[in-house]
Structure formats: C-alpha cells, structure tokens
Amino acid sequence: MEKDTSNKLFERLKLKMSCECIEWERGSGDMEIKFSVRDILRRGKEISGQNICIFGWVRTRRDSKAGVSFVEVNDGSSVKNLQVILDHGKFGEPGSSEVLSKLHTGASVMVEGVITPSPGKGQEIELVASHVEVYGEADPSTYPLQKKRHSFEFLRQIAHLRPRTNTISAVMRLRSALSLAIHDFFRKRGFYYIHTPIITTSDCEGAGEVFRITTGRDGEEFFGRPTYLTVSGQLQAEIYALALGKVYTFGPAFRAENSNTRRHLAEFWMVEPEVAFYDLNDDIALAKEFITAMIEAMFTECEEELNFFQRFIDENLMDRLNNVLKKGFEIISYTEAIKMLSQHGKELEVAPSWGDDLQSEHEKFLTEVMVRGPVVVIDYPRSLKPFYMRVNDDNNTVAAMDILVPGVGEIVGGSQREERFDVLVEQMRLKGMKLEDYEWYLDLRRYGSVPHAGFGLGLERFIQFLTGVQNIRETIPFPRTPGHALF
Ligand code: ATP
Ligand code: MN
C-alpha cells in the first residue's frame, strides 16, 4: 500500500477545501474531487464513471463471500450513506488485509474511486474504491456507537459522539438551515439584526429565575453592580426598535428555572423581533408569517431530513406541518380559552380558572384536541404577565399573545408593549418594581414614545415542532439542564 507523504496529504486537503465550490465539470480526468455524500447521491447516475474522493466515517462494513467488502461511509451531510466497494483482489482478504483490518464502524477514512451504477438494491450508485486511507481507527471493543439505534438518553451521555448518529446530525443540519432562514426572513423585510447583551442588569423582567454573574473572588462585584445572564433580549431590543424601527435579536437566553421538563433548557436560543408602530394584530400577523415561511423554507431546504423524521421520529410530522400551511392559526382570547376548557373539566387534571396560568395540560388540550392546529391565545389577565405588556381598555387584561402548537405547546410569547408613561409607571408600582432601576426604560416613554410590539420564539421548541423529537435536549448541540452540563 502506498503511504501518503505529508505533502501529498496537504495537496489533498487543499483540494478538499477549494473543491466545494468549483464546477463539477472541471473534475474530469483523474483529478480527485471532494464532494459531499449528499451531492454525490443527489447527482446519482449522472456522474457515473467519475473519479472522486470522499472523506467521512465508516457506519458499517459487511464482507461478502463474493470477494468484496461493502462499507457504508457517512460524512455528516446526509442521512444516507455512500456504499463503498472494496475488492478483495485489490485490498486483500478480510483476514489479512491491512486496510480492512482498520475499517471498523467509526473509523475515519478517505476513499478515492469511481462512481458506478450499483447492481444491488437500495442504492442507485456506489463508489468502487481504488485507494483507501484510514485517518483514525475506532476500536470495535470500545467505540460506543456500534448498534444501529441507541436511546436518546444514552446518546446524551456521549454528547461528543452523538452527532455521528442519523437523528442528531439531521436535527443539527435542520437547525443550521433554520437559523439561516431566520436571518433571511428578517433581512428581506428590512429588519436590522441587533446583538443584545448576554450580560445584563435587569433581573425582574418576569421571565423566571436568573443566573447571577460572579468572578468568584471574595467581595468583588466586577461591574460595580449585580449582573445576570440575560433571560431575553427584549428590553434592549425595544431601545433599538425605538430608533431603527424594525429590529430583531437572535441569540442565547438563560433561565435558572428548576424545571426538568421535555421543553425547558437552562440555555436556549430565542428569536425576538421588536417593531415600532406595530400593534398586537401586526405582531400576530408577523409571527404567523414567520412560522409559515420557516415551514416552507424547511420543506425546500431540508426535504431529506423531514422525510427521515417522518419515517423514524414522528409519523404525523408532515400532516402537522401541512396543516399549519393549510388551516392557519386560530385566534382566541384567554377568557374564551378558559370557557372552552371549563366545558371539558372532567378530562383535565387541573381545573381551568380565570386568573390562573394555562397549564401545559391546558395548552395541549386546546391545540391538540379542541382546535387541532396552532392557536394564538390573546388578552391574558394583567396579573399573569410581565410589567411591560400594554394594558387593555378593560383594565383587567393585557395585549399579550402566546402561540401554542400541537406536540409542543407554547412556542411564541409576545405582546404589544405599554407605551404610555403613566400606565407603565402604575404597572411597575403594582408589580413592586424599583423605578430607579428602569429610568432608561421609562425614558423611552418620556421621549418620542410610540406603540410597539414584539415576540420571542424559542428556537429549540420550534425545532421540536419541525422535527417531532420528543425531548428538547435533542434539538441543541450541547443541552444544559438542571444537573447536566457537558463540555
Ligand atoms: P413557559 O411558560 O413555557 O416556560 P415562558 O412563558 O416562560 O415559557 P417566554 O418568557 O414567553 O416563555 O419566552 C418566549 C419563548 O421562549 C417561549 O414561548 C418558548 O418558546 C421559549 N422558552 C422560554 N423558556 C424556555 C426554556 N426554559 N427552554 C427553552 N425554551 C424556552
Ligand atoms: Mn410565555
């Protein structure tokens, strides 16, 4: 077997990095071209006869009596593998071949070869290897990903290896595509992307428990005052909305709530548009347009992943997503929601009662049993919601909107913000807040105040909705929950 000199390897790596964007046509002759497995499978028979080079990890290997080994290679670009054929005449018999002795599940490889129509079932083309290089072996007696399917609980304990599984890699590809689609959505509509701070001084936004920031050094208050990890970028986004008009933030948020549920993380990502001169109806319209556009974007960009989720994770996925596009969103007031739920008191564990928060059981019932689609619940009791939400004319409710979806429950929380100075001050007093900490927020109402509105959408809950994965811990690369933080 020919050994690679470091120079040759360097040449290959250069090619690997530059080839992603060059035209396929230029890769004729014996030039090695690195294309992703996804590209190769998409092109199929069209590239029969081409000499190519792939880089990836071995998923499985099977040695046949007919003198060849079948190696499934995955490079993280696709749920499908590329089947590689190793001829025993060329590479040696399984018992004695140097290459085959290293080609176990998990090993990292480079394979050069010719794309050939596959005589076997299950794949249109395969790669007949001419040269194989093993970068790193994976000892079959210790490599944890031997079985085809592992439980998600098990995979969470090996969060450094779980992206090599089909489900987690597919979720993360979708997460990447979704993140870019989010920026695209707002950019096309004239929004500015504002980086709101991670370290903040506001602790009583009303969104739950905060993490305190400390250097750990005795008696030191680094910033001269208590600071916290942000629970939401909204308040700071409001500052920019009242200057730039249409803005959004998209970044991490932190909540120290001790809720070990399948839809809470201590660190999660939120998309938060904030728009000057918008009222609650505009806000709802924006959220509906946003959710619809994201589903459509995933249909075009992540078709393969969605088909995979439909097949292996949630058989109702496509129906549910299509239903949103077809049926749209039903808007009901909190008061109506309580009335509707009260008629089903017997089917619920906690009796609904005006003034109490909707339990997740109630949210589920509304969106999965009663409406069977997304529900926008508006006009919540003033006492349930944070100080900044605009007080309605009835004086009892605020111009809030939560969007509930089947399978997940609340994915969006938003509102029109209180723009009237006197009403805001009264709200803050009622909630027992220290006005002097919020002079800057009050200034926005003192000087050039305008009606404005916004919402926060939890990225991970949205991914639960888009993929059907049951637990939110599978939607983020490195989940942080009470008692759990790896790396
Ligand atoms: P919930 O009542 O479901 O805990 P919330 O009302 O506290 O959520 P908001 O403050 O309205 O949430 O935040 C806006 C959005 O951020 C929520 O609709 C949800 O999608 C997401 N979100 C909130 N808390 C979490 C969390 N701990 N983990 C993941 N996503 C979250
Ligand atoms: Mn909420």
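Residues numbered from 1 in each chain as written. Chains lettered and ligands numbered in written order. Predicted model: local features only at pLDDT ≥ 70, side-chain atom pairs only at ≥ 80, totals over all residues. Heavy atoms only, no water.

## Re the sheet that holds strand 13 (residues 397-405)
A sheet is described by the order of its strands in space; here 8 strands give the open sequence 6-9-10-15-14-13-12-11, paired in mixed fashion. Every interior strand has two partners, whereas the edge strands, strand 6 (192-193) and strand 11 (330-333), have only one. Sheet topology note: the strand 12 (residues 375-381)/strand 13 ladder contains 6 bridges and is antiparallel. Pairing of Val-375 across the sheet is with Leu-404, part of strand 13. Across the sheet, helix 5 (residues 166-188) touches strand 6, strand 9 (246-254) and strand 10 (267-276), and the angle it forms with strand 9 is around 150 degrees. Together, strand 9, strand 10, strand 13, strand 14 (409-417) and strand 15 (452-458) form the strand contacts of helix 14 (residues 459-467), whose direction differs from that of strand 15 by roughly 60 degrees. (Pairing = 2+ DSSP bridges. Helix = DSSP H or I, 4+ residues; strand = E, 2+ residues; numbered from the N terminus. Contact = heavy atoms within 4.5 Å. Axes fitted to C-alpha atoms, helices over the stretch in contact; angles between N-to-C directions.)

## Some points on the site of ligand 1
What surrounds ligand 1 is a group of 15 residues, the closest being Glu-257, His-264, Glu-410, Ile-411 and Arg-461. Of all the secondary-structure elements, those providing two or more residues to the shell around ligand 1 are strand 10, strand 14 and strand 15. Sorting elements by how many residues they give to the shell around ligand 1 places strand 14 first, with 4 residues. A class-by-class count of the residues in the shell around ligand 1 yields 6 nonpolar, 4 polar and 5 charged. (Near = heavy atom within 4 Å. Nonpolar A, V, L, I, M, F, W, Y, C, P; charged D, E, K, R; others polar.)

## Regarding the packing of helix 9 (residues 317-327) against helix 14
Running from N to C, helix 9 and helix 14 point in directions that differ by 115 degrees, and their axes come no closer than 8 Å. Classified by the angle between their axes, helix 9 and helix 14 sit roughly perpendicular to one another. Here Leu-317, Arg-320, Leu-321 and Val-324 of helix 9 come into contact with helix 14, specifically with Gln-464, Phe-465, Leu-466 and Thr-467. For the contact of helix 9 with helix 14, a count of residues per class yields 5 nonpolar, 2 polar and 1 charged. (Parallel < 35°, antiparallel > 145°, perpendicular 65-115°, else oblique.)

## What about the pairing of strand 5 (residues 125-136)?
In terms of strand pairing, strand 3 (residues 82-87) meets strand 5 through 2 bridges, oriented parallel. Bridging from a neighbouring strand, Val-84 pairs with Leu-127 of strand 5. Looking at chain direction, strand 4 (residues 108-117) and strand 5 are connected through 10 bridges and run antiparallel. Following the sheet pairing, Pro-117 is matched in strand 5 by Ile-125.

## Quick notes on the confidence of the model for the chain
Interpretation of the predicted coordinates at a detailed level should be avoided for regions scoring low in pLDDT. Taken over all residues, the pLDDT of the chain has a mean of 92, while the share at 70 or more is 92%. Considering only residues more than four positions removed or in separate chains, one finds that residues 1-6, a stretch of pLDDT under 50, has 8 contacts. Per-residue pLDDT stays below 50 along residues 13-32; that stretch engages in 25 contacts with residues further than four places along the chain or on separate chains. (pLDDT = per-residue confidence, 0-100.)

## Notes on the packing of helix 12 (residues 421-430) against helix 13 (residues 439-446)
Running from N to C, helix 12 and helix 13 cross one another at 155 degrees; their axes reach a closest spacing of 9 Å. The pairing of helix 12 with helix 13 is recorded here as roughly antiparallel in orientation. The segment helix 12 lies against helix 13, with Phe-421, Leu-424, Val-425 and Met-428 engaging Tyr-441, Leu-442, Arg-445 and Arg-446.

## Considering helix 7 (residues 280-301)
For helix 7, which comprises 22 residues, the first-to-last C-alpha distance of 31 Å matches the rise-based estimate of 32 Å (1.5 Å per residue) to within 8%. Every buried residue belonging to helix 7 is among Leu-280, Asp-283, Ile-284, Leu-286, Ala-287, Phe-290, Ile-291, Met-294, Ile-295, Ala-297 and Met-298, and all of these are buried. Axial view of helix 7: buried residues confined to an arc of 160 degrees, hence all on one face. Residues of helix 7 that are exposed and point more than 90 degrees away from the buried face comprise Asn-281 and Thr-300. The residue sitting at the N-terminus of helix 7 and contributing the capping side-chain oxygen is Asp-279; that oxygen lies 3.0 Å from the backbone nitrogen of Asn-281. (Expected span 1.5 Å × (residues − 1). Buried < 20%, exposed > 50% of the residue type's maximum accessible area, 1.4 Å probe, protein only. Arc of directions from axis to C-beta. Polar contact = N/O pair within 3.5 Å; in protein donor to acceptor, adjacent residues only side chain to side chain.)

## Concerning the nonpolar core
Grouped burial of nonpolar side chains is what soluble globular proteins tend to show. Phe-290, Ile-291, Met-298, Met-401 and Phe-462 are the most contacted members of the largest nonpolar core, which has 55 residues in total. Considering every element that reaches this core, the biggest residue donor is helix 5, with 11 residues. Discounting chain neighbours no more than four positions away, the residues touching Ile-291 are Phe-329, Ile-403, Ile-411, Val-412, Leu-457 and Phe-462. The next biggest cluster of nonpolar side chains, apart from the first, holds 30 residues, and it includes Leu-235, Ala-337, Met-389 and Met-433. (Core = buried A, V, L, I, M, F, W, Y, C linked by side-chain atoms within 4.5 Å.)

## A few points about unusual backbone geometry
If you check the backbone angles, Arg-372 has positive phi at about 55 degrees while not being a glycine. Mapped onto the elements, Arg-372 comes out in the loop between helix 11 (360-370) and strand 12. Looking at Arg-372, the relative accessible area reads 57%, which means it is exposed. Look at Phe-487: it is not a glycine, yet its phi comes out positive at around 70 degrees. One can find Phe-487 in the segment after helix 14.

## Considerations on a nonpolar patch on the surface
Residues Tyr-192, Ile-239, Tyr-240, Leu-244 and Trp-440 make up a contiguous nonpolar surface patch of about 450 Å² in total accessible area. Of the residues forming the nonpolar patch, the biggest block, 3 residues, is contributed by helix 6 (residues 234-244). For Trp-440, a relative accessible area of 31% corresponds to the partly exposed category. (Patch = residues over 30% accessible without salt bridge, like charges linked within 9 Å, V, L, I, M, F, W, Y side chains within 5 Å. Areas by Shrake-Rupley, 256 points an atom, 1.4 Å probe, with all protein chains shown as cover. Salt bridge = Lys/Arg side-chain N within 4 Å of Asp/Glu carboxyl O.)

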